[in-house]
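Survey of secondary and tertiary structure
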Amino acid sequence: MATSLRCFLRSGKQAVLVVARRGIHRSPPAALQVTVRDALNQAMDEELERDERVFLLGEEVAQYDGAYKVSRGLWKKYGDKRIIDTPISEMGFAGIAIGAAMAGLRPICEFMTFNFSMQAIDQVINSAAKTYYMSAGLQPVPIVFRGPNGASAGVAAQHSQCFAAWYAHCPGLKVVSPWNSEDAKGLLKSAIRDDNPVVFLENELLYGVPFEMSEESQSKDFTVPIGKAKIERPGTHITLVSHSRYVGHCLDAAAVLAKEGIDCEVINLRTIRPLDVECIESSVMKTNHLVTVEGGWPQFGVGAEICARIMEGSAFNYLDSPVTRVTGVDIPMPYAKILEEHSLPQVKDIIFSVKKTLNV
Amino acid sequence: MLTNISGVLRACAQRNGAAAVVSARTYADFTTQATFEIKKCDVHKLDEAPATQVVMTRDEGLQYYRTMQTMRRMELKADQLYKQKIIRGFCHLYDGQEACAVGIEASIKLTDHLITAYRAHGYTFTRGGTVKEIMAELTGRRSGIAKGKGGSMHMYCKNFYGGNGIVGAQVPLGAGVALACRYKGTDELCVCLYGDGAANQGQIFETYNMAALWKLPVIFICENNRYGMGTSVERAAASTDYFKRGEFIPGLR
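Residues numbered from 1 in each chain as written. Chains lettered and ligands numbered in written order. Predicted model: local features only at pLDDT ≥ 70, side-chain atom pairs only at ≥ 80, totals over all residues. Heavy atoms only, no water.

- In the nomenclature of an unreviewed UniProt entry, chain B is known as Pyruvate dehydrogenase E1 component subunit alpha, somatic form, mitochondrial of Ilyodon furcidens.
- Looking at the Cofactor (unreviewed entry) heading of the UniProt record, one finds this comment for chain B: "thiamine diphosphate". (UniProt positions renumbered as here; feature names shortened; annotations may be inferred.)

- The name an unreviewed UniProt entry gives chain A is Pyruvate dehydrogenase E1 component subunit beta, with Ilyodon furcidens as the organism.

And the structure:
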């Protein structure tokens, strides 16, 4: 039923006319509730259809429909040539994907989680990221590395690391971290169309979460530009900057704080590299206070980079108090639920940091 | 043309009355091709070895010789420049191995693909780079094949994917190029080179597996110069039969 409803709505104006003639509903097509998983699936489906050179490879992506079902239905639709199941050989298949990109194809290389990308990180950095520069522009590498990043639920230390800071450190890569379904779909389409290597950091806990998708975002040409942050909630007293799952936590904290008269501006970074410093700076120049929120570890992290960039720019003079970073705890992720919950930023941690920064 | 030259020389010599030692035989007396016996190859999972007799024409021979000689002189010059510190960083030389590059290029087309490790100057030349571009790159000049941004280990040209600094990393890349050839439906193949040192890298075995599984049009070539960096093959490899290491992939030595 959901599929037919989606088809209906996709046809736009015609759908409205048909609906009106049937006399069921007079209102225009509503925004749709789409999970992040379905948004990613749509993005890949549309890009596979649009460009013959795009193909997907990774573990379990074809016959299993994806380890997290993100590539559901794609193998059935596109077949063995374009949706390729690989053996458990990250370094090997990442290298193969990069070689295919060098020879003119546009691969999407899925890592089951970014923890396993560490097996292949030499290929990602030395063979993909650096090649365009080393070859002085002779050899582009149009590839997307995607997969879930960061903490999941009870998967413990070796399966819960956030790689945003690791990849964002390297010139030659674009690093993208969507939050909601529109981000996921629009950014994945942009990443696939981009001629540079893009690291696309998803979040497993967000896959099943439905978000509203505007009619515009349901178009096959809808893309979200890489490198531009979005102000999810405008505010005046303090700026909260975050990416991925914690944007939601920031919005929840902002809702609670609003009742106490504190008006938070929440920025969804969307892209980690290149960082949209201008967006953060103009917000800080308005609110004079800044708190960064991320799931990764504090040292040398995304928040640390934001602090350095704010300090180096003109927005520093507008700060009324030092920037606070809310991050994951500086330990390998523990297993027990209560310990895991307390190892990651919670809404109460964000509220506490806001109040400390505002000195209230 | 050679016939004419020798004719002219003989005529000159006769006119001067000097004893014509120049040529008692004209080039036209030489044959245009010759047959050579070559060593029989060891085989692994192949029914028959390649032929032990090959025919080479004079033109081919001269071309191969010219190419190898140019490569030799280029590499020796690079060696000299490196010792003078005009070339910085790494400079892995190909002198002594020229026949490998020339032999490989003779059996593939320029529309086929090739990728190798860091000992790449020779292949850059056989794949279409000029000596000037290569030397300019080594000396960090803007007219270099990678505008001076790559250096010795990162030279690229059409259907040549470098020049790769990380030992063994080029092998999966080569299989990926082969995948692209098959995907696009062309009958091109990819020649993927690595050394005896790299032959012990895990990613190479991952690549053997996927290449055989998906039947990729790739030829893996191990250039065995008996030393992986400073370590001899006996001290590095449990099996020095590198042509058998592909196990389920047929091999030749």
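Side note on helix H6 (residues 170–184) of chain B
Residue and element names in this part refer to chain B.
- Spanning 15 residues, H6 covers 21 Å between terminal C-alpha atoms, matching the ideal 21 Å at 1.5 Å per step.
- Across the 15 residues that make up H6, a large majority, 13, are buried.
- Where H6 terminates, the next one or two residues include Gly-185, which has phi positive at roughly 80°. (Helix = DSSP H or I, 4+ residues; strand = E, 2+ residues; numbered from the N terminus. Expected span 1.5 Å × (residues − 1). Buried < 20%, exposed > 50% of the residue type's maximum accessible area, 1.4 Å probe, protein only.)

Considering the packing of helix H11 (residues 277–287) of chain A against helix H12 (residues 302–312) of chain A
Residues and elements named next belong to chain A.
- Where H11 contacts H12, the axes come no closer than 11 Å and their chain directions differ by 65°. As the angle between them shows, H11 and H12 are arranged roughly perpendicular. The handedness of the crossing between H11 and H12 is right-handed. Within the contact between the two elements, H11 uses Val-277, Ile-280, Glu-281 and Val-284 and H12 uses Ile-306, Arg-309 and Ile-310.
- Classifying every residue of the contact of H11 with H12 by side-chain character gives five nonpolar, no polar and two charged. (Axes fitted to C-alpha atoms, helices over the stretch in contact; angles between N-to-C directions. Parallel < 35°, antiparallel > 145°, perpendicular 65-115°, else oblique. Left-handed = near helix turned anticlockwise from the far one by under 90°. Contact = heavy atoms within 4.5 Å. Nonpolar A, V, L, I, M, F, W, Y, C, P; charged D, E, K, R; others polar.)

Some words on the packing of aromatic side chains
- The tally for this structure, following the rule as stated, stands at 12 aromatic pairs over all chains.
- Between A:Trp179 and A:Phe211, the aromatic rings sit 5.1 Å apart at their centres with planes inclined by 70°, giving edge-to-face as the arrangement. With A:Trp179 in the loop between strand E6 (174–176) and helix H9 (181–193) and A:Phe211 in strand E8 (residues 210–213), this residue pair connects regions lying 32 residues apart in the sequence. Accessibility assignment for this pair places A:Trp179 and A:Phe211 in one class, buried.
- Here B:Tyr208 and B:Phe220 contribute two aromatic rings whose centre-to-centre distance is 5.2 Å and whose plane-to-plane angle is 75°, an arrangement assigned as edge-to-face. Of this pair, B:Tyr208 sits in helix H7 (residues 202–214) while B:Phe220 is found in strand E6 (residues 218–223), placing the two residues 12 residues apart along the sequence.
- Positioned over the ring face of A:Tyr64 is A:Lys69, at 3.9 Å from the centre of the ring.
- A cation over an aromatic ring shows up here: A:Lys81 above the ring of B:Tyr183, its NZ or CZ 4.5 Å from the ring centre. (Phe/Tyr/Trp six-rings, centres within 6.5 Å; stacked < 30°, edge-to-face > 60°. Lys NZ or Arg CZ within 6 Å of the ring centre and 35° of its normal.)

So, the UniProt feature "domain: Dehydrogenase E1 component" (unreviewed entry) in chain B
- Mapped onto the present numbering, the UniProt feature "domain: Dehydrogenase E1 component" (unreviewed entry) falls on residues 66–253 of chain B.
- What you have in residues 66–253 of chain B is 39% helix and 11% strand, and the ends, taken at the C-alpha atoms, are 26 Å apart.

Some points on the environment of B:Ile204
All names here are of chain B.
- Within the fold, Ile-204 resides in helix H7.
- A relative accessible area of 0% means that Ile-204 is categorised as buried.
- In the structure, Ile-204 is positioned 41 residues away from Arg-245 in sequence and 9.9 Å away in space, judged by C-alpha atoms.
- Ignoring anything within four residues of it in the chain, the contact list for Ile-204 reads Gly-168, Val-171, Tyr-194, Ala-198 and Ala-199.

Side note on the side chain of A:Asp183
All names here are of chain A.
- Residue position: Asp-183 is located in helix H9.
- Given the relative accessible area of 0%, Asp-183 is considered buried.
- Look past the residues within four positions of Asp-183 in its chain and what remains in contact with it is Pro-178, Leu-188, Asn-268 and Arg-270.

Describing the sheet that holds strand E3 (residues 83–85) of chain A
Residue and element names in this part refer to chain A.
- The seven strands are arranged E3-E2-E4-E5-E7-E6-E12 in an open sheet whose pairing can be described as mixed. Strands with a single pairing partner mark the edges of an open sheet, and in this sheet they are E3 and strand E12 (271–273). Strand-to-strand twist across the sheet, computed as the mean angle between neighbouring axes with direction ignored, equals 20°.
- The sheet strands contacting helix H5 (residues 90–102) are strand E2 (54–58), strand E4 (106–110) and strand E5 (144–148), and the helix crosses E4 at an angle near 165°. (Pairing = 2+ DSSP bridges.)

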